[in-house]
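# Commentary on secondary and tertiary structure
These are the residues of each chain, in order.
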Amino acid sequence: MLLYPVPYQEARKSAEIVAGRLDYKKEDIVTEPLFIERGFGLGEGLDYEERKKRFADDIYPGMEPLEELIGRAGLAFHNILKKYNAQNVIIAAHGAILKAVLTAVTEGKIAYEGDRVKIEPGSVHLIRDEKGKAALFQWNKDIMGFKEIVY
């Protein structure tokens, strides 16, 4: 099993917590540079209220274009599939990159900007190859198991 966090402290901490629970060596955690969080340009570092005040349309000058983000996330995910073919991989990352991965692997059926899938801090999603297509599951605490997301 491999853990792929983005090169940010919060994701690294999450990866280390998971590694500890799975008896996986923290020094074996791998950083994938393509999973770096989306660049938000002039919106970087602003809290929600300040962003809304300055940029009501949620478009920030210098922000990484959505198509590039989704392409980068998809490329990183497919590179991991090629490199670690039959292994389980855990990705610890920030929400924007995770939403972009889901959009890429579902070939846009789960839209990046839609509310179909909530990427909550600490949420767990499972992407499984089913006959050459990605199947997506989300951990559901009510049933204490994964529930498939039909898209």
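Above this note sits the structure.
These notes cover the structure that comes with them. (Residues numbered from 1 in each chain as written. Predicted model: local features only at pLDDT ≥ 70, side-chain atom pairs only at ≥ 80, totals over all residues. Heavy atoms only, no water.)

Spatially, β3-β4-β5 is the arrangement adopted by the three strands of the open sheet, whose pairing is antiparallel. Every interior strand has two partners, whereas the edge strands, β3 (125-130) and β5 (145-149), have only one. Neighbour-to-neighbour, the strand axes of this sheet turn through a mean angle of 35°, independent of strand direction. Alignment of strand β4 (residues 133-140) against β5, held across five bridges, turns out to be antiparallel. Pairing of phenylalanine 137 across the sheet is with glutamate 148, part of β5. (Pairing = 2+ DSSP bridges. Helix = DSSP H or I, 4+ residues; strand = E, 2+ residues; numbered from the N terminus. Axes fitted to C-alpha atoms, helices over the stretch in contact; angles between N-to-C directions.)

Here we come to helix α4 (residues 95-105). Burial analysis of α4 places eight of its eleven residues in the buried class, which makes it a mostly covered element. Buried within α4 we find Ala96, Ile97, Ala100, Val101, Leu102, Thr103, Ala104 and Val105. On the buried face of α4, the contacting elements are α3 (66-83), β3 and β4. Note on α4: the residue one or two positions beyond its end, glutamate 107, has a positive phi of about 55°. (Buried < 20%, exposed > 50% of the residue type's maximum accessible area, 1.4 Å probe, protein only. Contact = heavy atoms within 4.5 Å.)

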